[in-house]
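A closer look at the structure
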Amino acid sequence: IGVRDRALLLVGFAGAFRRSELVSLDVADIAFNSDGLVVQLRRSKTDQEGVGRKVGLPFGSNPLTCPVRALRAWLDGAAITSGPIFRSVDRHGNLGTQRLTDQSVALVVKRCAKAAGLDFEKYAGHSLRSGLATAAAMADVSERAIMAQTGHKSLPMVRRYIRDGSLFRRNAAAAVGL
């Protein structure tokens, strides 16, 4: 379960995926390459026609937080070669055949937040998506690059995500030497 949850959280965060997008992924939707991982989203909330889009997940600089390595470890460890990527695992470690539900993603996020000593009530499945946008804004990533990763089509919407991440970056009060 821990290997699956690490992959779920890291892939969800790095891809800024909605929980429904994350649990809809099949092995056929991913391709590992020398740069990382290419994820083909077949459909999403804002793409009901199913045009799809590709999302690149680069290798992480830290093996413990690398989404590409985490997903490879999950697929190899669970011997998953086709079908749903993120599946149920029972308390005995038996792998299920059915994909996780989007509600399961929220429960994993809350459980892991609680284990990390965070106020788990403030976290949900959407925290992965908003967390990447916020962290990227804090790292001075351009709005355009954030939109390319999240799939947002409008600046006002993506700015709702990154507003809190920009509160202290280039802050006027900090710049005046208080």
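Higher on the page you've got the structure.
Described in the following lines is the structure provided in the data block. Because the structure is a prediction, the values reported are computed rather than measured. (Residues numbered from 1 in each chain as written. Predicted model: local features only at pLDDT ≥ 70, side-chain atom pairs only at ≥ 80, totals over all residues. Heavy atoms only, no water.)

1. Observations concerning the environment of Ser-24
- Examined against the element boundaries, Ser-24 turns out to sit in the loop between α2 (19-23) and β1 (30-33).
- Note: C-alpha distance between Ser-24 and Pro-84 (60 residues apart in sequence) is 7.2 Å. (Helix = DSSP H or I, 4+ residues; strand = E, 2+ residues; numbered from the N terminus.)

2. Topic: helix α7 (residues 155-162)
- The complete set of buried residues in α7 reads Val-158, Tyr-161 and Ile-162. Looking straight down α7, one finds its buried side chains confined to an arc of 90 degrees; they lie on one side. Seen from the open side of α7, the exposed residues pointing more than 90 degrees away from its buried face are Pro-156 and Arg-160.
- Of the surrounding elements, those touching the buried residues of α7 are α5 (127-138) and α6 (143-150). (Buried < 20%, exposed > 50% of the residue type's maximum accessible area, 1.4 Å probe, protein only. Arc of directions from axis to C-beta. Contact = heavy atoms within 4.5 Å.)

3. Quick notes on the pairing of β1
- Sheet topology note: the β1/strand β2 (residues 36-41) ladder contains four bridges and is antiparallel. Residue pairing in the sheet places Phe-32 in a bridge with Leu-37 of β2. (Pairing = 2+ DSSP bridges.)

4. What to know about unusual backbone geometry
- One non-glycine residue, Ala-79, lies in the positive phi region at around 55 degrees.
- With respect to the secondary-structure elements, Ala-79 resides in the loop between α3 (67-77) and β4 (87-89).
- Backbone geometry at Asp-140 places phi at a positive 65 degrees, although glycine is not the residue there.

5. Comments concerning the pattern of salt bridges
- All chains considered together, the criterion is met by eight salt bridges.
- When the shortest N-O distance is used, the salt bridge between Asp-26 and Arg-42 registers 3.4 Å. In this pair, Asp-26 is assigned in the loop between α2 and β1 and Arg-42 in the loop between β2 and β3 (53-58), connecting sequence segments 16 residues apart.
- Between Asp-26 and Arg-99 there is a salt bridge whose closest N-O contact spans 2.7 Å. Of this pair, Asp-26 sits in the loop between α2 and β1 while Arg-99 sits in strand β5 (residues 95-99), and the two are 73 residues apart along the sequence.
- Judged by relative accessible area, which is 32%, Arg-99 ranks as partly exposed. (Salt bridge = Lys/Arg side-chain N within 4 Å of Asp/Glu carboxyl O.)

6. Some details on the sheet that holds β1
- Read across the sheet, three strands follow the order β1-β2-β3 without closing on themselves; strand pairing throughout is antiparallel. Two strands bound the open sheet, and with one partner strand each, they are β1 and β3. This sheet shows a mean twist of 20 degrees between the axes of neighbouring strands, independent of strand direction.
- Where β2 lies against β3, six bridges are found, and the strand directions are antiparallel. Counted as the bridge partner of Val-38 is Gly-56 from β3. (Axes fitted to C-alpha atoms, helices over the stretch in contact; angles between N-to-C directions.)

7. Observations concerning the nonpolar core
- Among the nonpolar cores identified, the biggest contains 32 residues, and Leu-22, Val-39, Leu-71, Trp-74, Leu-75, Ile-85 and Phe-86 are the most heavily contacted of them.
- Those elements that provide at least two residues to this core are α1 (2-15), α2, β2, β3, α3 and α4 (102-115).
- Among residues more than four places away in sequence, those in contact with Leu-71 are Ala-7, Val-11, Ile-30, Phe-32, Leu-37, Ile-85 and Phe-86. (Core = buried A, V, L, I, M, F, W, Y, C linked by side-chain atoms within 4.5 Å.)

Function cannot be read off these values alone, since they describe shape.
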